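Chain and residue survey
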Amino acid sequence: MRSQVEKGQLFRNLHERPGLLLLPNPWDAGTAKLLQSLGFEALATTSLGMSNALGRVDGGNAVSRAELIDNCRVIARATDLPVTADLENGYADDPKEAATILRDAAEAGIVGGSIEDWSGERIYDFNHAVERVQAGVEMARSFGVPFIFTARADNLIRGVKDLDDTIRRLKAFGQAGADVLYAPGLRDLSTMRTVASEVGRPLNVVMSAGDPDLTAEQIASVGVKRISVGGALSRLALAAFMKGASDMKDGSFAWMRDTLPSSDLKKVFGV
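A brief look at the structure comes next. Everything numeric in this text was worked out from a predicted model, so none of it was measured.

1. Remarks on unusual backbone geometry
With phi around 55°, glutamate 88 is a residue other than glycine that occupies positive phi space. Located in the positive-phi region is tyrosine 91, a residue other than glycine, with phi close to 60°. Within the secondary structure layout, tyrosine 91 lies in the loop between strand 3 (83–86) and helix 5 (95–107). By relative accessible area, which is 18% here, tyrosine 91 ends up buried.

Spelled out as C-alpha coordinates, the structure:
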(Lines give C-alpha, C1' and ligand atoms only; values in the text may rest on other atoms or scores of the structure.)
Protein backbone atom coordinates (compact mmCIF):
# COMPACT_ATOMS: atom_id res chain seq x y z
CA MET A 1 0.00 0.00 0.00
CA ARG A 2 1.31 3.46 -0.90
CA SER A 3 1.97 5.91 1.92
CA GLN A 4 -0.14 9.06 2.09
CA VAL A 5 2.85 11.11 0.92
CA GLU A 6 3.19 8.83 -2.10
CA LYS A 7 -0.52 9.11 -2.83
CA GLY A 8 -0.36 12.88 -2.54
CA GLN A 9 2.61 13.16 -4.86
CA LEU A 10 1.00 10.81 -7.37
CA PHE A 11 -2.18 12.89 -7.32
CA ARG A 12 -0.20 16.06 -7.96
CA ASN A 13 1.69 14.35 -10.78
CA LEU A 14 -1.60 13.30 -12.38
CA HIS A 15 -2.62 16.97 -12.50
CA GLU A 16 0.71 18.14 -13.90
CA ARG A 17 1.04 15.60 -16.70
CA PRO A 18 -0.61 16.22 -20.09
CA GLY A 19 -4.04 14.73 -20.71
CA LEU A 20 -7.27 14.00 -18.94
CA LEU A 21 -7.81 12.60 -15.44
CA LEU A 22 -10.94 10.49 -14.94
CA LEU A 23 -12.21 10.54 -11.35
CA PRO A 24 -15.02 8.06 -10.61
CA ASN A 25 -16.91 8.50 -7.36
CA PRO A 26 -17.15 5.60 -4.87
CA TRP A 27 -19.28 5.90 -1.76
CA ASP A 28 -17.87 3.08 0.37
CA ALA A 29 -14.92 0.68 0.65
CA GLY A 30 -16.41 -1.89 -1.72
CA THR A 31 -17.04 0.53 -4.56
CA ALA A 32 -13.57 2.04 -4.06
CA LYS A 33 -11.97 -1.39 -4.44
CA LEU A 34 -14.07 -2.22 -7.49
CA LEU A 35 -13.08 1.02 -9.20
CA GLN A 36 -9.41 0.41 -8.45
CA SER A 37 -9.74 -3.05 -10.02
CA LEU A 38 -10.84 -1.42 -13.28
CA GLY A 39 -7.59 0.52 -13.53
CA PHE A 40 -8.65 4.04 -12.55
CA GLU A 41 -5.78 6.21 -11.33
CA ALA A 42 -7.54 8.21 -8.60
CA LEU A 43 -10.93 8.47 -6.91
CA ALA A 44 -13.28 11.17 -5.59
CA THR A 45 -15.83 10.76 -2.81
CA THR A 46 -19.46 11.76 -3.32
CA SER A 47 -21.74 13.33 -0.73
CA LEU A 48 -24.80 12.32 -2.81
CA GLY A 49 -23.64 8.71 -3.00
CA MET A 50 -23.08 8.66 0.74
CA SER A 51 -26.50 10.24 1.39
CA ASN A 52 -28.11 7.63 -0.86
CA ALA A 53 -26.39 4.80 1.04
CA LEU A 54 -27.70 6.25 4.32
CA GLY A 55 -31.22 6.75 2.95
CA ARG A 56 -31.13 10.52 3.32
CA VAL A 57 -32.01 13.39 1.01
CA ASP A 58 -28.77 15.00 -0.19
CA GLY A 59 -28.21 18.67 0.60
CA GLY A 60 -28.35 20.88 3.65
CA ASN A 61 -25.65 18.85 5.40
CA ALA A 62 -27.79 15.70 5.42
CA VAL A 63 -24.56 13.92 6.29
CA SER A 64 -22.83 15.17 9.43
CA ARG A 65 -19.25 16.37 9.37
CA ALA A 66 -18.17 13.41 11.50
CA GLU A 67 -19.93 10.96 9.17
CA LEU A 68 -18.34 12.57 6.13
CA ILE A 69 -14.82 12.38 7.58
CA ASP A 70 -15.39 8.78 8.64
CA ASN A 71 -16.47 7.97 5.07
CA CYS A 72 -13.27 9.61 3.82
CA ARG A 73 -11.22 7.45 6.16
CA VAL A 74 -12.97 4.24 5.09
CA ILE A 75 -12.46 4.94 1.39
CA ALA A 76 -8.86 6.14 1.76
CA ARG A 77 -7.93 2.98 3.71
CA ALA A 78 -9.65 0.70 1.21
CA THR A 79 -7.58 1.67 -1.81
CA ASP A 80 -4.02 2.24 -2.96
CA LEU A 81 -5.21 5.16 -5.08
CA PRO A 82 -5.17 8.88 -4.27
CA VAL A 83 -8.58 10.03 -3.03
CA THR A 84 -9.99 13.54 -3.18
CA ALA A 85 -13.06 14.39 -1.12
CA ASP A 86 -16.30 16.29 -1.57
CA LEU A 87 -16.18 18.35 1.64
CA GLU A 88 -19.44 20.26 1.14
CA ASN A 89 -19.03 23.88 2.29
CA GLY A 90 -16.72 22.91 5.14
CA TYR A 91 -19.70 22.89 7.50
CA ALA A 92 -19.06 26.54 8.35
CA ASP A 93 -19.49 30.02 6.91
CA ASP A 94 -16.36 31.43 8.51
CA PRO A 95 -13.36 31.00 6.17
CA LYS A 96 -10.85 29.70 8.72
CA GLU A 97 -13.37 27.44 10.41
CA ALA A 98 -14.45 25.95 7.07
CA ALA A 99 -10.82 25.34 6.12
CA THR A 100 -10.29 23.07 9.12
CA ILE A 101 -12.22 20.33 7.34
CA LEU A 102 -9.27 20.04 4.94
CA ARG A 103 -7.05 19.22 7.92
CA ASP A 104 -9.49 16.60 9.17
CA ALA A 105 -9.72 15.06 5.70
CA ALA A 106 -5.94 14.94 5.38
CA GLU A 107 -5.68 13.27 8.78
CA ALA A 108 -8.18 10.67 7.48
CA GLY A 109 -5.85 9.85 4.56
CA ILE A 110 -7.33 12.08 1.88
CA VAL A 111 -4.95 13.91 -0.49
CA GLY A 112 -7.33 16.42 -2.06
CA GLY A 113 -10.62 18.12 -1.34
CA SER A 114 -13.19 20.61 -2.58
CA ILE A 115 -15.10 23.31 -0.73
CA GLU A 116 -18.22 25.00 -2.12
CA ASP A 117 -19.17 28.68 -2.23
CA TRP A 118 -22.74 27.71 -1.23
CA SER A 119 -23.90 28.17 2.35
CA GLY A 120 -26.75 25.70 2.12
CA GLU A 121 -29.15 28.58 1.56
CA ARG A 122 -27.34 31.06 -0.69
CA ILE A 123 -24.23 31.65 -2.74
CA TYR A 124 -21.63 33.45 -0.62
CA ASP A 125 -20.88 37.06 -1.53
CA PHE A 126 -17.92 37.31 -3.90
CA ASN A 127 -15.37 38.68 -1.41
CA HIS A 128 -16.44 36.23 1.28
CA ALA A 129 -16.13 33.34 -1.18
CA VAL A 130 -12.61 34.42 -2.12
CA GLU A 131 -11.63 34.70 1.55
CA ARG A 132 -12.84 31.13 2.05
CA VAL A 133 -10.63 29.92 -0.79
CA GLN A 134 -7.65 31.84 0.57
CA ALA A 135 -8.15 30.16 3.96
CA GLY A 136 -8.44 26.78 2.26
CA VAL A 137 -5.22 27.32 0.31
CA GLU A 138 -3.38 28.38 3.45
CA MET A 139 -4.60 25.28 5.27
CA ALA A 140 -3.81 22.91 2.39
CA ARG A 141 -0.25 24.25 2.13
CA SER A 142 0.38 23.64 5.84
CA PHE A 143 0.26 19.84 5.61
CA GLY A 144 3.25 17.54 5.50
CA VAL A 145 1.80 15.77 2.47
CA PRO A 146 0.95 17.09 -1.01
CA PHE A 147 -2.74 18.10 -1.09
CA ILE A 148 -4.75 19.27 -4.12
CA PHE A 149 -7.28 21.93 -3.11
CA THR A 150 -10.31 22.37 -5.38
CA ALA A 151 -12.47 25.51 -5.22
CA ARG A 152 -16.09 25.24 -6.34
CA ALA A 153 -18.39 27.88 -7.81
CA ASP A 154 -21.89 26.50 -7.37
CA ASN A 155 -23.93 29.17 -9.19
CA LEU A 156 -25.11 27.00 -12.06
CA ILE A 157 -26.60 24.21 -9.94
CA ARG A 158 -28.11 26.61 -7.40
CA GLY A 159 -30.37 28.53 -9.76
CA VAL A 160 -27.94 31.37 -10.53
CA LYS A 161 -27.56 31.01 -14.30
CA ASP A 162 -24.80 33.61 -14.54
CA LEU A 163 -21.82 32.23 -16.42
CA ASP A 164 -19.94 35.54 -16.28
CA ASP A 165 -20.12 35.61 -12.49
CA THR A 166 -19.15 31.94 -12.35
CA ILE A 167 -16.05 32.60 -14.46
CA ARG A 168 -15.24 35.68 -12.37
CA ARG A 169 -15.37 33.58 -9.22
CA LEU A 170 -13.28 30.75 -10.67
CA LYS A 171 -10.61 33.17 -11.87
CA ALA A 172 -10.45 34.80 -8.44
CA PHE A 173 -10.27 31.39 -6.77
CA GLY A 174 -7.37 30.47 -9.04
CA GLN A 175 -5.60 33.73 -8.27
CA ALA A 176 -6.09 32.95 -4.57
CA GLY A 177 -4.10 29.74 -5.08
CA ALA A 178 -6.65 26.95 -5.64
CA ASP A 179 -5.07 24.03 -7.52
CA VAL A 180 -8.24 22.99 -9.37
CA LEU A 181 -11.41 24.90 -10.26
CA TYR A 182 -14.86 23.37 -10.43
CA ALA A 183 -18.23 24.74 -11.56
CA PRO A 184 -20.89 22.01 -11.40
CA GLY A 185 -23.53 22.53 -14.08
CA LEU A 186 -21.41 22.88 -17.22
CA ARG A 187 -23.34 20.89 -19.82
CA ASP A 188 -22.17 21.50 -23.37
CA LEU A 189 -18.78 21.61 -25.09
CA SER A 190 -19.02 25.26 -26.01
CA THR A 191 -19.52 26.36 -22.40
CA MET A 192 -16.81 24.00 -21.17
CA ARG A 193 -14.41 25.45 -23.74
CA THR A 194 -15.24 29.00 -22.69
CA VAL A 195 -14.67 28.32 -18.99
CA ALA A 196 -11.51 26.25 -19.51
CA SER A 197 -9.95 28.95 -21.69
CA GLU A 198 -10.77 31.72 -19.21
CA VAL A 199 -9.82 30.34 -15.81
CA GLY A 200 -6.14 29.47 -16.28
CA ARG A 201 -6.16 26.51 -13.87
CA PRO A 202 -7.08 22.82 -14.23
CA LEU A 203 -10.87 22.57 -14.62
CA ASN A 204 -13.04 19.77 -13.23
CA VAL A 205 -16.29 18.93 -15.02
CA VAL A 206 -18.92 16.71 -13.41
CA MET A 207 -20.79 14.69 -15.99
CA SER A 208 -23.86 14.13 -13.81
CA ALA A 209 -24.74 17.64 -15.05
CA GLY A 210 -23.16 17.31 -18.51
CA ASP A 211 -24.52 16.10 -21.83
CA PRO A 212 -24.24 12.28 -21.58
CA ASP A 213 -23.64 12.01 -25.32
CA LEU A 214 -20.26 13.71 -24.92
CA THR A 215 -17.16 11.53 -24.80
CA ALA A 216 -14.12 11.96 -22.60
CA GLU A 217 -12.05 12.63 -25.71
CA GLN A 218 -14.34 15.48 -26.77
CA ILE A 219 -14.31 17.02 -23.30
CA ALA A 220 -10.53 16.83 -23.08
CA SER A 221 -10.25 18.51 -26.49
CA VAL A 222 -11.75 21.75 -25.13
CA GLY A 223 -9.23 22.02 -22.29
CA VAL A 224 -10.93 20.21 -19.40
CA LYS A 225 -8.44 18.48 -17.08
CA ARG A 226 -10.64 16.33 -14.84
CA ILE A 227 -13.95 14.52 -15.25
CA SER A 228 -15.93 13.23 -12.29
CA VAL A 229 -19.50 11.89 -12.11
CA GLY A 230 -20.68 12.90 -8.63
CA GLY A 231 -23.40 10.58 -7.36
CA ALA A 232 -24.26 9.21 -10.81
CA LEU A 233 -22.67 5.79 -10.29
CA SER A 234 -24.61 5.48 -7.03
CA ARG A 235 -27.83 6.34 -8.85
CA LEU A 236 -26.96 3.83 -11.58
CA ALA A 237 -26.44 1.10 -8.96
CA LEU A 238 -29.74 2.00 -7.28
CA ALA A 239 -31.53 1.93 -10.64
CA ALA A 240 -30.34 -1.66 -11.17
CA PHE A 241 -31.33 -2.50 -7.58
CA MET A 242 -34.84 -1.12 -8.06
CA LYS A 243 -35.27 -2.91 -11.39
CA GLY A 244 -34.30 -6.25 -9.86
CA ALA A 245 -36.44 -5.69 -6.78
CA SER A 246 -39.43 -4.66 -8.92
CA ASP A 247 -39.04 -7.75 -11.07
CA MET A 248 -38.79 -9.88 -7.93
CA LYS A 249 -42.03 -8.38 -6.64
CA ASP A 250 -43.63 -9.39 -9.94
CA GLY A 251 -42.30 -12.91 -9.51
CA SER A 252 -39.42 -12.79 -12.01
CA PHE A 253 -35.80 -13.67 -11.24
CA ALA A 254 -34.27 -13.36 -14.72
CA TRP A 255 -32.24 -10.41 -13.40
CA MET A 256 -30.07 -12.92 -11.54
CA ARG A 257 -28.21 -13.42 -14.84
CA ASP A 258 -26.96 -9.81 -14.68
CA THR A 259 -25.47 -9.96 -11.20
CA LEU A 260 -21.73 -9.74 -10.60
CA PRO A 261 -20.42 -13.24 -9.78
CA SER A 262 -19.35 -13.77 -6.18
CA SER A 263 -16.07 -15.17 -7.47
CA ASP A 264 -15.29 -11.84 -9.12
CA LEU A 265 -16.07 -9.96 -5.91
CA LYS A 266 -13.84 -12.30 -3.92
CA LYS A 267 -10.95 -11.59 -6.29
CA VAL A 268 -11.30 -7.84 -5.75
CA PHE A 269 -12.16 -7.77 -2.07
CA GLY A 270 -9.60 -10.41 -1.16
CA VAL A 271 -6.66 -8.28 -2.35
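2. Quick look at the environment of arginine 103
Tracing the chain through its elements places arginine 103 in helix 5. With 40 residues separating them in the primary sequence, arginine 103 and phenylalanine 143 have C-alpha atoms 7.7 Å apart. In contact with arginine 103, not counting residues within four places along its chain, are Met139 and Phe143.

3. Quick look at the sheet that holds strand 6 (residues 180–182)
Spatial strand order, 1-8-7-6-5-4-3-2: eight strands in an open sheet with parallel pairing. Among the strands making up the open sheet, the edge pair consists of strand 1 (21–23) and strand 2 (43–44). The strands touched by helix 1 (residues 4–16) within the sheet are strand 1, strand 3, strand 4 (112–115), strand 5 (148–152), strand 6 and strand 8 (226–228), with strand 1 carrying the most contacts at an inclination of about 130°.

4. Some words on the pattern of salt bridges
Once their charged atoms are close, side chains differing in charge can pair, the charge on each being opposite to the other. Across all of its chains, the model carries 17 salt bridges by this definition. The partner of aspartate 154 in a salt bridge is arginine 152, and the shortest N-O contact between them spans 2.7 Å. Residue aspartate 154 shares its accessibility class with arginine 152, and that shared class is buried. Between aspartate 247 and lysine 243 there is a salt bridge; the shortest N-O distance is 2.7 Å. Note that aspartate 247 and lysine 243 are positioned in helix 10 (residues 232–249) at a spacing of four residues, about one turn of the helix. Owing to a relative accessible area of 19%, aspartate 247 belongs among the buried residues under this scheme. Members of the salt-bridge network, linked through shared partners, are Glu116, Arg152, Asp154 and Arg158.

5. Focus: the packing of helix 7 (residues 163–175) against helix 8 (residues 189–199)
Packed helices, taken two at a time, are described by the angle between their axes plus the distance between the axes. For the pair helix 7 and helix 8, the least separation of the axes is 9 Å and the interaxial angle reads 35°. Here helix 7 runs over helix 8; the crossing is right-handed. Note on element contacts: helix 8 touches helix 7 through Thr191, Thr194, Val195, Glu198 and Val199, opposite Leu163, Ile167, Leu170 and Lys171. In terms of residue class, the contact of helix 7 with helix 8 is built from five nonpolar, two polar and two charged.

6. Topic: the pairing of strand 4
On strand 4, burial covers both faces: Gly112 and Ser114 on one face and Gly113 and Ile115 on the other are all buried. Judged from the three bridges that link them, strand 3 and strand 4 form a sheet pairing that is parallel. Bridge pairing in strand 4 links aspartate 86 to serine 114. One crossover worth recording links strand 3 to the parallel strand 4 by way of helix 5, and it is right-handed. Of the strand pairs in this sheet, strand 4 and strand 5 are connected by four bridges, and their pairing is parallel. Of the residues in strand 5, the one forming a bridge with glycine 112 is isoleucine 148. Between the parallel pair strand 4 and strand 5, the chain is carried across by helix 6 (residues 126–140), and the sense of this crossover is right-handed.

So, how was this worked out
- Residues numbered from 1 in each chain as written.
- Predicted model: local features only at pLDDT ≥ 70, side-chain atom pairs only at ≥ 80, totals over all residues.
- Heavy atoms only, no water.
- Helix = DSSP H or I, 4+ residues; strand = E, 2+ residues; numbered from the N terminus.
- Buried < 20%, exposed > 50% of the residue type's maximum accessible area, 1.4 Å probe, protein only.
- Contact = heavy atoms within 4.5 Å.
- Pairing = 2+ DSSP bridges.
- Axes fitted to C-alpha atoms, helices over the stretch in contact; angles between N-to-C directions.
- Salt bridge = Lys/Arg side-chain N within 4 Å of Asp/Glu carboxyl O.
- Left-handed = near helix turned anticlockwise from the far one by under 90°.
- Nonpolar A, V, L, I, M, F, W, Y, C, P; charged D, E, K, R; others polar.
- Right-handed = clockwise from strand over helix to strand, strands pointing away.

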